Amino acid sequence: MSEVHAAAAADPTVLRLSLDAKATVKVGPFSRRGQSRVAVRAADHDFHPEATVTPVGLFLPETDQLFLYGVTSKVTSDCLVDCLEQWWQEYGPRFPQVRTLLLNLDNGPECHSRRTQFVARLVQFTRRTGVTVQLAYDPPYHSKYNPVERCWGVLENHWNGSLLDSVDAVLNFARTMTWKGKPPVVTLVTQVYRTGVRLPKAEMEALEAQIQRLPKLGRWFVTFPATAPA
């Protein structure tokens, strides 16, 4: 992993990103522990939340910039790639020299390197944008080394002791946190995502022919070329 990061840092055409989803937040008058300067009355059970919001973070380690997507649906492979696509469409023009995106991931169930829908969507992304995507995964039980993970603790400390009793409250608290003096860019995502989307074996085999896996470490390091192999 250190070799991959060093190579990316030395290559101006490679942009390193860290992508991950935080634990889902239940929206309602529920206690989050922590401390508050004012008296706050909260419920001690959260069986029936009014809604849920899952923060999806996209973090740039070199510039310490954090982008948060508040997802009100289930976080799926489609959701994660949609967030990446939306970010690249909006902020990609800031990086005209970039030809490759290096994604740090934790090999979770929705972004696993063999998750068929995740692979399919990334192949589509590279073909549509002309940008190569490299996936670099931390091994099991080492997700804490994924840079965006460090931001979650700051966010949790920021809103603990407060009531997250509406989706707006969740987003507003996210907007007012800071990471190394910088507030994140926060976007609400209300699209409903279908779970359990999988590709047939034959389609997955065709996709595997279009990507490159590192020998012996193919589960952890995968490249999606911007152009399809001959």
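Heads up: the structure comes first, above all this text.
So, here's what we can say about the structure. (Residues numbered from 1 in each chain as written. Predicted model: local features only at pLDDT ≥ 70, side-chain atom pairs only at ≥ 80, totals over all residues. Heavy atoms only, no water.)

What about the overall build of the protein?
The secondary structure content of the protein amounts to six helices and nine strands. For 230 residues, the compact-globule formula gives about 17 Å, and the C-alpha radius of gyration of the protein, at 19 Å, lands near that figure. Taking the principal axes of its C-alpha atoms as reference, the protein extends roughly 65 × 40 × 30 Å. Out of the 230 residues in the protein, the part that is buried amounts to 48%. Look at the contacts in the protein between residues 6 or more apart in sequence, and 73% of them connect residues 24 or more apart. Entry remark: accessible area of the protein is about 12200 Å², with carbon and sulfur atoms responsible for 52%. For the protein, the distance from the average site of its 26 positive side-chain charges to the average site of its 22 negative ones is 2 Å. (Helix = DSSP H or I, 4+ residues; strand = E, 2+ residues; numbered from the N terminus. Rg over C-alpha atoms; globule rule 2.2 N^0.38 Å. Buried < 20%, exposed > 50% of the residue type's maximum accessible area, 1.4 Å probe, protein only. Contact = heavy atoms within 4.5 Å. Areas by Shrake-Rupley, 256 points an atom, 1.4 Å probe, with all protein chains shown as cover. Lys, Arg positive; Asp, Glu negative; His and termini not counted. Charge placed at Lys NZ, Arg CZ, Asp CG, Glu CD.)

Examining the environment of histidine 5
Tracing the backbone through its elements, the reader meets histidine 5 in helix 1 (residues 2-10). Taking the C-alpha atoms as reference points, histidine 5 and threonine 129, separated by 124 residues in sequence, lie 23 Å from one another. Setting aside anything within four residues of it in sequence, one finds histidine 5 in contact with Arg16, Leu102 and Asn104.

Let's talk about helix 2 (residues 77-91)
Here helix 2 spans 21 Å end to end across 15 residues, near enough to the 21 Å set by a 1.5 Å rise per residue. Here helix 2 lies mainly inside the structure; 12 of its 15 residues are buried. If you check which residues of helix 2 are buried, you get Ser77, Asp78, Cys79, Leu80, Val81, Asp82, Cys83, Leu84, Glu85, Trp87, Trp88 and Tyr91. Buried positions along helix 2 lie against strand 1 (14-21), strand 3 (51-60), strand 4 (65-71), strand 5 (100-105), helix 3 (116-129) and strand 7 (185-189). Its side-chain oxygen placed 3.3 Å from the backbone nitrogen of aspartate 78, threonine 76 serves as the N-cap of helix 2. (Expected span 1.5 Å × (residues − 1). Polar contact = N/O pair within 3.5 Å; in protein donor to acceptor, adjacent residues only side chain to side chain.)

Any functional reading would require information that these geometric values do not contain.
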